[in-house]
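# Summary of structural features
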Amino acid sequence: MKIAKTASLPLDAIRGTFKERQIKMSKIAEEIFNKIIEKPDDLSLARIQEITQDTLTKTAGDGRKINIQIKDYLSQGACEGKEEFVENDGIIEGFKIHVPTEKGAIKPSHLSVFMHELVHALYQLTNPKALALEGSANITTRQCNRAKSFYENSLYSCEMFEWFNPISTKIKQEIALRGIDTKEKIKILQDCKHSLISEFLAYWEGEKFSCRGVQHGIESIRTPDYDCIMFEDKIEYLEKEIAKLIKKVRKGKE
Ligand SMILES: [Zn+2]
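Cut-off values and rules
Residues numbered from 1 in each chain as written. Predicted model: local features only at pLDDT ≥ 70, side-chain atom pairs only at ≥ 80, totals over all residues. Heavy atoms only, no water. Donors = N, O, S within 2.8 Å, 3.2 Å for Na, K, Ca; no water. Helix = DSSP H or I, 4+ residues; strand = E, 2+ residues; numbered from the N terminus. Axes fitted to C-alpha atoms, helices over the stretch in contact; angles between N-to-C directions. Parallel < 35°, antiparallel > 145°, perpendicular 65-115°, else oblique. Left-handed = near helix turned anticlockwise from the far one by under 90°. Nonpolar A, V, L, I, M, F, W, Y, C, P; charged D, E, K, R; others polar. 1 Å grid on protein atoms, 1.4 Å probe; cavity = no way out; pocket = protein on both sides within 12 Å on 5 of 7 lines; lining within 4 Å. Points joined across faces, edges and corners; volume = space filled by probe spheres on them. Buried < 20%, exposed > 50% of the residue type's maximum accessible area, 1.4 Å probe, protein only. Contact = heavy atoms within 4.5 Å.

## Focus: the coordination of the zinc ion
The protein atoms that coordinate the zinc ion are His 116 (NE2), His 120 (NE2) and Glu 199 (OE), at distances spanning 1.8 to 2.1 Å. We note that the donor set of the zinc ion lies within a single chain, spaced as H-x3-H-x78-E. In this pair, His 120 sits in helix α4 (residues 111–126) while Glu 199 sits in helix α8 (residues 182–214), placing the two residues 79 residues apart along the sequence.

## Focus: the packing of α8 against helix α9 (residues 231–251)
Here α8 crosses α9 at 160°, and the two axes come no closer than 9 Å. Our classification of the angle between α8 and α9 gives roughly antiparallel. Crossing geometry of α8 relative to α9 is assigned as left-handed. Class assignment for the residues of the contact of α8 with α9 results in 14 nonpolar, two polar and nine charged.

## Regarding the layout of surface pockets
Counted as a void, the largest pocket has a volume near 1,300 Å³. Around the largest pocket, the lining comprises 46 residues; the ones closest to its centre are Glu 83, Glu 134, Tyr 151, Ser 195 and Glu 199. No other element matches α8, which puts twelve residues into the lining of the largest pocket. Classifying every residue of the lining of the largest pocket gives 19 nonpolar, 14 polar and 13 charged. By volume, the second largest pocket amounts to about 290 Å³. Looking at the second largest pocket, it is lined by 14 residues, and the ones nearest its centre are Arg 21, Asn 127, Pro 128, Lys 129 and Ala 130. Sorting the residues of the lining of the second largest pocket by element identifies α1 (11–14), α2 (18–37), α5 (128–132) and α8 as the ones contributing at least two each.

## Observations concerning the side chain of Thr 169
Within the fold, Thr 169 resides in helix α7 (residues 169–176). Residue Thr 169 is classed as buried on the basis of its relative accessible area of 1%. Leave out the neighbours within four places in its chain, and Thr 169 touches Phe 150, Ser 154, Leu 155, Glu 159, Met 160, Phe 161, Lys 234 and Tyr 237.

## Considering the packing of α2 against α4
Relative orientation and spacing of two packed helices are given, respectively, by the angle between their axes and the distance between those axes. One can describe the packing of α2 onto α4 by two numbers: an axis separation of 10 Å at closest approach and a directional angle of 140°. By crossing handedness, the relation of α2 to α4 is classed as right-handed. Only Leu 111, Phe 114, Met 115, Leu 118, Val 119, Leu 122, Tyr 123 and Thr 126 of α4 make contact with α2, whose side of the interface consists of Phe 18, Arg 21, Lys 24, Met 25, Ile 28, Ala 29, Ile 32, Phe 33, Ile 36 and Ile 37.

Structure below.
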C-alpha cells in the first residue's frame, strides 16, 4: 500500500540500519512518555493527543503534521488497547490508537497499554517498508484468511515451537500457505515477521514504561507473560524461511 506524508517520517529522520531505527523509535517513545509523566494526574486524551502529535511533528522536522489519533477503546470489558492504520483509497494516511478511558482520560492503570500501542504506530512510522507490505500480497480472500489464522494461531500464540521437532508452526505454515505463489508467500511471511517484531518490542517497551510509571505513582495492569510466545525463535525461523524462498525465486525454480 502507498503511504501518505502524514503517516511517514522524512527519509533523513529514519535513515540507517534496522537497529538504528529501533533506537530512534525507542527514543521517540521515551520523549512522549517523559512529557506525559510531567503531569501524572492529567492523562486526558486531549493532552496525550497533543503531546504525541507535537513530538512526532517535531521529529519529522519538515513541517508535515503526522496524523495520529488517540481514541477511547469502546469494546466492552476491554482491558487492552488497539492500534490501526487509517486507510483511504489504498493510501495509508495515519494511525489510530484505542485505549480504555474514564471521563475523557486514559485510565492510569492503562498508561502502559497506551505505550504498547504507541510502539506499534512508531514501528510503522520508522519502518515504512514494513508498513507498505500491509495487504500487498496478491492473494484471494480465502488465502488471506488462512494466512491470518496461521499468524494468530501458530505465531502470535503460546503454541509449542521447537527447532528440532517441528511438529507445529512449520507444518502449519506449509498447510496454510499451500498453493500460494512463492513471491506472494515471501510478502506474507515478511509481514508476519514485522508483526512479531513489532509485538515483541511493544511488550518490551510497555513493560519498561509500566515500571517507570510506578515511580510516578501510576500502578499499571500486569503485562501478560509473553515468554511462552518465543518471539525471538519464531522471528529467526521466519527469517530463515524467507531467505530460503528468496533463493528459490532467484534460481528461477518457480
Ligand atoms: Zn500489541
